[in-house]
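# Secondary and tertiary structure notes
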Amino acid sequence: LAANDLDSVRAILTASPVDLAAFISAPITMDRHAVFPVQNNGSAMTPFYTTLAIWIGGVAIAALIKATPSARALAQTGCSHAQAYVGRLALFCALGAAQTLLICGGDLGYLGVQCAHPVLFMLAGLMASFVFVNIIFALTASFGDVGKAVAVVLMVLQVAGAGGTFPRQMLPPIFQAIYPWLPFVHAEGALRAAMFGLYGNDFWIEFGLLAAYLVPALLLGLVLRRRVMRLSAWMED
């Protein structure tokens, strides 16, 4: 060994045991700069449980209010099936929006969760409600009680596979495959961006992907529903 190396070894061996132990236990120090800090676990879980509550609210509305008017009501009002669908859907959406204002307002005002952009948080919640109610209403109006059951199954599937409590990478392979196609994922993404900070256009991308689910919901409710109503009546009987 070179002389200077021996000097270094001698200096280390003769150093204070306390200093030597501190160095060995933590030889590297790190400075942490959180870009999107989360204050607590409650705030971190808020996007998942808020999204779940909004969906459950939509299912509750479908369970309490009849989705399709009777033939007698259609004859009395002179409404077409499409007009009756849109009119009843408006009622469902209004009730869903009221529920969402209560849920998201409770998050902000009562629970006091961390939120960087409260207006965007409320906007994301209202869009989630509008999309979820459209999906649930289309299923219920098209398939009756079977549609309600499908809405519950979709809820359970998304609770397990939307990555609300665990990252996508920790989910089973089947859930990782369906992950991008679940409405919960994009609702949670928009709420999370509004709460913890915006990065580029991440909020609006998730917002747009969430809104895209309106297309199949309206297609089922306004175009395909009449074709499956006979099958639905048979299944209900």
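Whatever comes next refers back to the structure up there.
Residues numbered from 1 in each chain as written. Predicted model: local features only at pLDDT ≥ 70, side-chain atom pairs only at ≥ 80, totals over all residues. Heavy atoms only, no water.

## Considerations on the packing of aromatic side chains
Note the following rule: Pairing of aromatic rings covers Phe, Tyr and Trp, the last through its six-membered ring, and needs centres within 6.5 Å; plane angles under 30 degrees mean stacked, over 60 mean edge-to-face, and all others mean tilted. Strands are runs of DSSP state E lasting at least two residues, helices are runs of H or I lasting at least four, and both sets are numbered from the N terminus onward.
Inspection of every chain in the model, using the stated rule, returns nine aromatic pairs. Relative to Phe 207, the ring of Phe 203 has its centre 5.8 Å away and its plane inclined at 25°; by these criteria the two rings are stacked. Of this pair, Phe 203 and Phe 207 both sit in helix 10 (residues 202-211), separated by four residues, roughly a single helical turn. On the numbers, 5.6 Å between centres and 70° between planes, the contact of Trp 204 with Phe 207 is edge-to-face. Placement of the pair is Trp 204 and Phe 207 together in helix 10, with a separation of three residues, close to one helical turn.

## Quick look at the pattern of salt bridges
Stated precisely, the cut-off is as follows: Note on definitions: salt bridges are taken to be side-chain nitrogens of Lys or Arg within 4 Å of carboxyl oxygens of Asp or Glu.
Inspection of the entire model under this criterion finds two salt bridges. As a salt-bridge pair, Asp 145 and Lys 148 come within 3.5 Å of each other at their nearest N and O atoms. With a gap of three residues between them, Asp 145 and Lys 148 both fall in helix 7 (residues 145-161), about one helical turn apart. For Arg 192, the salt bridge is made with Glu 188, and the minimal N-O distance between the two is 3.8 Å.

## So, the nonpolar core
In a soluble, globular protein the nonpolar side chains are often hidden away together inside. The following threshold applies: Put simply, a nonpolar core is a bunch of buried Ala, Val, Leu, Ile, Met, Phe, Trp, Tyr and Cys residues held in one set by side-chain atoms that sit within 4.5 Å of each other. Note on exposure labels: buried denotes an accessible area under 20% of the residue type's maximum, exposed denotes more than 50%, and partly exposed covers the range between, all computed with a 1.4 Å probe on protein chains only. Contacts are assigned to residue pairs with any non-hydrogen atoms lying within 4.5 Å of each other.
Core analysis: the biggest nonpolar cluster contains 51 residues, and Trp 55, Val 131, Phe 132 and Phe 203 have the highest contact counts within it. Going through the elements one at a time, helix 3 (41-64), helix 5 (81-110), helix 6 (118-143), helix 7, helix 9 (183-196), helix 10 and helix 11 (214-236) are the ones with two or more residues in this core. Considering each element in turn, this core owes the most residues, 15 residues, to helix 6. Excluding its chain neighbours within four sequence positions, the residues that come into contact with Phe 132 are Thr 51, Ile 54, Trp 55, Pro 183, Phe 184, Ala 187 and Leu 210.

## Observations concerning the environment of Phe 196
Within the secondary structure, Phe 196 is located in helix 9. A sequence separation of 27 residues divides Phe 196 from Val 223, and the C-alpha atoms of the two residues are 40 Å apart. In this structure, Phe 196 is in contact with Phe 36, Pro 37, Val 38, Ser 43, Ala 44, Pro 47 and Gln 114, ignoring residues within four places of it in sequence.

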